[in-house]
Amino acid sequence: MSDLNEGPMREKRSFIMARDPSVDRRFRPRPHKQLRLFDDIHESTESTDGSDTESEYASNAGDDATSVDDSSEVDTGPQVFLRLRPVSVASTGYSLSDDGKCLITSAKNENSSNNVNRMEKHFGFTSIFDGSVGQRDIYDICVGPRILEEECVTIMTYGTSGSGKTYTLLGDQVRAGVIPRGLEHIFTIYLGNLYSTPKLKLINGCIVFLQDDATLREMQISMKLLNLCPDINAQHERLRQEIKSDHTFETKTEPDLSVMIWVSFVEIYNELVYDLLSIPPRQDNLGAVQRKPLKIACNKGQVFIKGLTTVFVKSSEEALRLLRLGQQRSTYASTSVNSNSSRSHCVFTVDVLKYSRSGMTTQCSYKFCDLAGSERVNNTGTIGLRLKEAKNINTSLMTLGRCLDAASTSRKKSSTDVIPFRDSKLTMLLQAALLGKERLAMIVTVTPLEKYYEENLNVLNFASIAKNIVFKEPMIKQHSTRYSGFFDNPKADGQYDYIKALEEDNISLREEIDRLKFDHVLKMQLLEERLRKELTDTFQEMLRVNKKQWEEQSEKQKLMAEREFEFKLDSQKRHYEEQIEDLKDEVDYLKNPASETSIESIDEMEDDPIEIHDDE
Ligand SMILES: Nc1ncnc2c1ncn2[C@@H]1O[C@H](COP(=O)(O)OP(=O)(O)OP(=O)(O)O)[C@@H](O)[C@H]1O
């Protein structure tokens, strides 16, 4: 009954349903001649010789590159690029429009599930890259300009499983992807302004000045994690050489600017957010990393993850090492379509925090988001844990599609429909980009094979919804705050001069402190010198007096010994002289016995031998 009253039901729009949301039929470009893609493309997935045909592309497809730059839609909505994976025999169901910006699909396979899917469809993109386009051009066109704009940007890869999302973002051992190139680019830009210690940090979405002990703690965390990282010196050097030969990045040294760079890495696995750079309880056991899910929160419109480890990095190499560490910890598994398939959505964030002498702190963040691949679970025989993972992946991707759709519809109709960000962790995390508060660049990857035709249509429908979004509000170029340590009160904004004066005072006080310190050090040095001299003089005087005393004492002792010796000598001398006298008398008596001397006395004398007396 109610059906009759309400009239015909309106078709509900969805990115995976059959209705074609691609370019409006009335305006879509009609190709005079459909170009066949992939005629000269050979399978290059297995090749590791680094033979990307970049230079060829640069000359052949240069027009594409320029068309991106001068596009007026750059400022009004997301940029959506299409990258086709190289395959040996590409399906004839895909072709390019004359201007190279529209992919035309038409099912060649009669088994296609429904009539709508078999119809010819046109999907417009900011740029389309065929399988011959290498990593260098992808970076130069899709990402490099966003990095130069120094705005918050989310760069996302979206596609079916095995279509090259991870390859595009991370690259492989030989060909660096978008992230290593982006890191090199960012560090080259700020080379002249990099600050060597972490004094500013983003905490719960706000920029905070760190005290010395907190700075020290952050440096210890950074050191601990870097010690856990795989040793990639040689690999980093090789990739760096490759990047240097591919691009010419320029350093922009600005006076009075200090730049601090932080990185964080999370994965969303089965709808739970995990920190890929957490410090494990035991350093030596990577397997013992506690997988504690984290919560997403919002503070004054800034989305952040509670308790997430953000690591201060001083060079692109450190950032890359942390990226590899997180990559090792993220969830991969072998599936029917990809032997090393990402089973989670991974978001690697680079926060650039700047502090200028005027007291302004600004933040610009680069989020690199590697989405897990959409998968057909019905036909591929996926079971068990892989099935659970695939369902969660598909559900969150569907929510992403719904959010994009709602964002697109509400902008066009100026309606206030609630965008269902809260329906998945992925959309909660990326809501700033989906609302147009940050730039969004999406690289859609497709494997142009017949067997993926219908899956690819879903991906292309999704991409065209994203492409059609128009953001009317101006982008927030940078999140900026003033150092709250100077001013907590809301009137602060109008008192810039006062802040400036305070800062000048601060600078002159610091100079005064430096001068006083210098004077103090100088004074201490002079005092030390004087004390040393006094001490030396005192000791020298003491030595001199001691020496004199010793000399006098020894002189006295010498004199006494001499006198004593003389005295002994005299007494001996006298004694012998007396004995000699006695002996002489005896001789006289013996010669003349009539003398008065008696015999007894002579006998006595004989019994009395000569003695030597020692006075001692
Ligand atoms: N443009 C390309 N050029 C050369 N090789 C490629 C390209 N795209 C993908 N590959 C190769 O294809 C394989 C699968 O790619 P990748 O792992 O990036 O797929 P994915 O889309 O991330 O898949 P999943 O969603 O399952 O993780 C890898 O071996 C990769 O090197």
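Residues numbered from 1 in each chain as written. Predicted model: local features only at pLDDT ≥ 70, side-chain atom pairs only at ≥ 80, totals over all residues. Heavy atoms only, no water.

Chemist: What should I look at first to understand the overall build of the protein in this one?
Modeler: Of the regular secondary structure elements, the protein holds 16 helices and 20 strands. For the protein, the residues scored as buried account for 46% of the 616 residues in total. Surface exposure of the protein reaches about 33900 Å², of which carbon and sulfur atoms provide 52%. (Helix = DSSP H or I, 4+ residues; strand = E, 2+ residues; numbered from the N terminus. Buried < 20%, exposed > 50% of the residue type's maximum accessible area, 1.4 Å probe, protein only. Areas by Shrake-Rupley, 256 points an atom, 1.4 Å probe, with all protein chains shown as cover.)

Chemist: Which parts of the structure should I look at to understand empty space enclosed by the protein?
Modeler: Where empty space is left can be seen by rolling a probe of water-molecule size over the atoms. Applying the stated criterion across every chain, the model contains four cavities of 30 Å³ or more. What the largest cavity holds in volume is close to 80 Å³. Lining the largest cavity are 13 residues, with Leu170, Ile179, Phe265, Cys346 and Asp370 positioned closest to its centre. Going through the elements one at a time, α6 (165–170), α10 (316–329), β17 (345–356) and β18 (360–370) are the ones with two or more residues in the lining of the largest cavity. Considering every element that reaches the lining of the largest cavity, the biggest residue donor is β17, with three residues. Partitioned by chemical class, the residues of the lining of the largest cavity number ten nonpolar, two polar and one charged. Within this model, the second largest cavity holds a volume of roughly 70 Å³. Those elements that provide at least two residues to the lining of the second largest cavity are β10 (257–269) and α11 (384–413). Here the residues of the lining of the second largest cavity are counted per class, giving three nonpolar, five polar and three charged. (1 Å grid on protein atoms, 1.4 Å probe; cavity = no way out; pocket = protein on both sides within 12 Å on 5 of 7 lines; lining within 4 Å. Points joined across faces, edges and corners; volume = space filled by probe spheres on them. Nonpolar A, V, L, I, M, F, W, Y, C, P; charged D, E, K, R; others polar.)

Chemist: Help me out: how do you make sense of the pattern of salt bridges in this one?
Modeler: A side chain with one charge can pair with a side chain of the opposite charge if their charged atoms come near. Within the structure shown, the criterion is met by 19 salt bridges. With its nearest N and O atoms 3.8 Å apart, the salt bridge here joins Arg136 to Asp137. Each member of the pair, Arg136 together with Asp137, is buried. Between Glu438 and Lys367 there is a salt bridge whose closest N-O contact spans 3.6 Å. Of this pair, Glu438 sits in the loop between α13 (431–434) and β19 (439–446) while Lys367 sits in strand β18, and the two are 71 residues apart along the sequence. Per residue, the accessibility class of Glu438 equals that of Lys367, and both read buried. (Salt bridge = Lys/Arg side-chain N within 4 Å of Asp/Glu carboxyl O.)

Chemist: Explain the pairing of strand β4 (residues 102–105) here, please?
Modeler: A regular strand carries its side chains on alternate faces of the sheet. Residues of β4 alternate between two faces, with Cys102 and Ile104 on one and Leu103 and Thr105 on the opposite face, all of them buried. If you look at the hairpin formed by strand β3 (residues 94–96) and β4, you'll find five residues sitting between the two strands, and Gly100 has a positive phi there, around 75°. As paired elements, β4 and strand β5 (residues 121–124) share four bridges and run antiparallel to each other. Bridging from a neighbouring strand, Ile104 pairs with His122 of β5. (Pairing = 2+ DSSP bridges.)

Chemist: Any chance you could explain the UniProt feature "binding site: ATP" (unreviewed entry) in the protein here in plain terms?
Modeler: UniProt tags Gly159, Thr160, Ser161, Gly162, Ser163, Gly164, Lys165 and Thr166 as "binding site: ATP" (unreviewed entry). Positionally, Gly162 belongs in the loop between β7 (153–159) and α6. A relative accessible area of 17% means that Gly162 is categorised as buried. Its location among the elements puts Ser163 in the loop between β7 and α6. Leave out the neighbours within four places in its chain, and Ser163 touches Arg85, Thr445, Val446 and Thr447. In terms of polar contacts, Ser163 uses its side chain to reach the backbone carbonyl oxygen of Thr160, at 2.6 Å. (UniProt positions renumbered as here; feature names shortened; annotations may be inferred. Contact = heavy atoms within 4.5 Å. Polar contact = N/O pair within 3.5 Å; in protein donor to acceptor, adjacent residues only side chain to side chain.)

Chemist: Before we go on, may I ask you to explain the nonpolar core in this structure?
Modeler: Nonpolar side chains in soluble globular proteins tend to end up buried together. Residues Val350, Tyr366 and Phe368 are the most contacted members of the largest nonpolar core, which totals 52 residues. Ignoring sequence-local partners within four residues, the contact set of Phe368 consists of Val143, Ile147, Ile155, Leu169, Val178, Ile179, Cys346, Val347, Phe348 and Val350. The next biggest cluster of nonpolar side chains, apart from the first, holds 51 residues, and it includes Ile268, Leu397, Ala433 and Tyr453. (Core = buried A, V, L, I, M, F, W, Y, C linked by side-chain atoms within 4.5 Å.)

Chemist: When you look at the packing of aromatic side chains in this model, what are you seeing that I'm missing?
Modeler: Under the defined criterion, the tally for this structure stands at seven aromatic pairs. When the ring of Tyr94 is compared with that of Tyr453, the centres are 5.8 Å apart and the planes differ by 50°; the resulting orientation is tilted. Of the two residues, Tyr94 is situated in strand β3 and Tyr453 in helix α14 (residues 453–468); the sequence distance between them amounts to 359 residues. In terms of burial, Tyr94 and Tyr453 fall into one category: buried. Relative to Tyr355, the ring of Phe209 has its centre 5.1 Å away and its plane inclined at 85°; by these criteria the two rings are edge-to-face. With a gap of 146 residues between them, Phe209 in strand β9 (residues 206–209) and Tyr355 in strand β17 connect regions that are remote in the sequence. (Phe/Tyr/Trp six-rings, centres within 6.5 Å; stacked < 30°, edge-to-face > 60°.)

Chemist: What's the story with the side chain of Lys165 in this structure? I'm lost.
Modeler: By secondary structure assignment, the location of Lys165 is in helix α6. Buried charge without a salt bridge: Lys165, with Asp370 as the nearest opposite-charge side chain at an N-O distance of 5.8 Å. Of note is the side chain of Lys165, whose polar atom sits 3.3 Å from the backbone oxygen of Gly159. What Lys165 contacts, discounting residues up to four positions off in sequence, is Thr157, Tyr158, Gly159, Thr160, Asp370, Leu371, Ala372, Gly373 and Thr445. (Lys, Arg positive; Asp, Glu negative; His and termini not counted.)

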